[in-house]
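Survey of secondary and tertiary structure
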Amino acid sequence: QVQQNVERLFTRFVEEGKATVRLREPAVDLCLSKANVITLKTFLSAVRLAHQGNDTGVLPLSPLVPAKNSDVEKPKTKMIITSRRDYPLTKSFPFSLEHLQTSYCKLARIDTRVLCLKKLRKLDLSHNHIKQLPATLGDLVCLQELDLHDNHLEAFSGALCSSSLQKSLQFLDLSQNQIQALPIEFCQLRGLVQLKLDDNALLRLPCRIGQLSHLRFLSAARNKLPFLPSDFRKLCLENLDLFGNPFEQPNPLVPNIQLKIPLTLLECAARATINHGIPYGCHLLPSHLCKDLEVAKTCRCGSACLSSFIQITVTMNLHHVAHTVVLVDNMGGTEAPVLCYFCSLDCYSQFLDRHLQSN
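Treat the numbers as computed from the prediction; the structure is a model and nothing was measured. (Residues numbered from 1 in each chain as written. Predicted model: local features only at pLDDT ≥ 70, side-chain atom pairs only at ≥ 80, totals over all residues. Heavy atoms only, no water.)

**Re the packing of aromatic side chains**
Enumeration according to the criterion identifies five aromatic pairs in this entry. Between Tyr 87 and Phe 93, the ring centres sit 6.0 Å apart and the planes meet at 70 degrees, which makes this aromatic pair edge-to-face. Through pairs of rings, three or more aromatic residues link up here, namely Phe 342, Tyr 348 and Phe 351. (Phe/Tyr/Trp six-rings, centres within 6.5 Å; stacked < 30°, edge-to-face > 60°.)

Written out as structure tokens, the structure reads:
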């Protein structure tokens, strides 16, 4: 269907036998090349007339001649651009692309034309100057690999974590950026298999990182991590690299006491909601309470605690969560401090007794 269906005609290179017809529905580009110039101009004229609704009987069309296989260009699925000079400024990206790399192009933002490539499975934007990611990046429903290595990112938005990337994204490289923290929603990216966070300014890892059940490769070397979240124990990795972080020396005898006695009504209600599996949501509770419940802490006894707890750090051998561990420090260690929470003085006292006896 051509009538009222032509979005645009690209005829800049028609003298070279090339042209592109962009349709509205389906949203595809018909790329013509190696054509006879006179025949091509006649064809484009016919397309314009058909788009305007002219009778097909008066269109200047010649009989069709079957094209040779050598003359038919297959849809382009891969494009690699590694310099600013080669970056297309006036020419669109083929909608058929599944793999796009635009590295070393000094890009300050993600090109909106890239965000229209709905078939993309792999997007490599490494070695650029990108400071912010648009929320529409989450509209790339097929995206499995996203490489943002060596940019100027300071954050990874929660909106992206709540997008279609939840199911599709398997590989994410955020290394060599300026990220200090990842949002609470980050652990909604349940499909992640490989995550690279090296050479950032991370002060902590997401508190619910244990929800990344498919994660097998994690590297967060050369950051500013003082300890690991308690949920880190739930990971099951093949390879882990935490080298070069300023981990604190664990001291269970110096607790951070945030315990409020007696417990507030809010704390009691929150603990009961989680411990008994009572359903909740933004249709029942204010959104800020829902977020608090989603990041509730878990005591060693298995009970939940919200804002009233005792916090310590304990030593964990990283081989408990990973088959291969890159040394944590230059001394050959594979141990790191991990947060531990207690819901009451009684739970902390029981732990302390066992700790002192074992030492």
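**Quick word on a nonpolar patch on the surface**
On the surface, Leu 253, Val 254 and Leu 356 cluster together into a nonpolar patch covering about 290 Å² of accessible area. Judged by its relative accessible area of 48%, Leu 356 falls in the partly exposed class. (Patch = residues over 30% accessible without salt bridge, like charges linked within 9 Å, V, L, I, M, F, W, Y side chains within 5 Å. Areas by Shrake-Rupley, 256 points an atom, 1.4 Å probe, with all protein chains shown as cover. Salt bridge = Lys/Arg side-chain N within 4 Å of Asp/Glu carboxyl O. Buried < 20%, exposed > 50% of the residue type's maximum accessible area, 1.4 Å probe, protein only.)

**A short note on the environment of Asn 36**
Structurally, Asn 36 can be placed in the loop between β3 (29–32) and α1 (37–51). As a C-alpha pair, Asn 36 and Ala 46 span 10 residues in sequence and 15 Å in three-dimensional space. At 3.0 Å, the side chain of Asn 36 and the backbone nitrogen of Ile 38 are in polar contact. Among the polar contacts listed, one links the side chain of Asn 36 to the backbone nitrogen of Thr 39, at a separation of 3.0 Å. (Helix = DSSP H or I, 4+ residues; strand = E, 2+ residues; numbered from the N terminus. Polar contact = N/O pair within 3.5 Å; in protein donor to acceptor, adjacent residues only side chain to side chain.)

**Here we look at the pairing of strand β11 (residues 237–241)**
Of the strand pairs in this sheet, strand β10 (residues 217–219) and β11 are connected by three bridges, and their pairing is parallel. Counted as the bridge partner of Leu 218 is Leu 240 from β11. In terms of strand pairing, β11 meets strand β16 (residues 322–326) through four bridges, oriented parallel. Each residue of the ladder has a partner; that of Leu 237, found in β16, is Ala 322. (Pairing = 2+ DSSP bridges.)

**Comments concerning the nonpolar core**
In this structure, Leu 123, Phe 156, Leu 172, Leu 218, Leu 228, Phe 232 and Leu 318 are the most contacted members of the largest nonpolar core, which totals 77 residues. If you list the elements that add at least two residues to this core, you get β4 (78–81), α2 (158–161), β11, β15 (310–317), β16, β17 (335–342) and α6 (345–358). Looking at which domains feed residues into this core, each of domain 2 (78–224) and domain 3 (256–315 + 337–358) gives three or more. (Core = buried A, V, L, I, M, F, W, Y, C linked by side-chain atoms within 4.5 Å. Domains from an automatic or database assignment.)

**Some points on the side chain of Ser 219**
You can see Ser 219 is positioned in strand β10. Relative accessible area serves as the criterion here: at 11%, Ser 219 is assigned to the buried category. Reaching out from Ser 219, the side chain makes a polar contact with the side chain of Asp 198 at a distance of 3.1 Å. With residues up to four places along the chain from it excluded, the contact list for Ser 219 reads Leu 195, Lys 196, Leu 197, Asp 198 and Asp 241. (Contact = heavy atoms within 4.5 Å.)

**What about the sheet that holds β17?**
Strand order in the open sheet made by the three strands is β12-β15-β17, with antiparallel pairing throughout. Of all the strands in the sheet, just β12 (256–257) and β17 have a single pairing partner and so form its edges. Where β15 and β17 come together, eight bridges link them in antiparallel fashion. Looking at the pairing, Ile 312 lines up with Cys 340 of β17. Running over the sheet, α6 touches β15 and β17 and is turned about 35 degrees from β15. (Axes fitted to C-alpha atoms, helices over the stretch in contact; angles between N-to-C directions.)

**A short note on the domain arrangement of the chain**
What the domain assignment lists for the chain is domain 1 (6–52), domain 2 (78–224) and domain 3 (256–315 + 337–358). With centres defined by C-alpha atoms, the gap from domain 1 to domain 3 works out at 66 Å.

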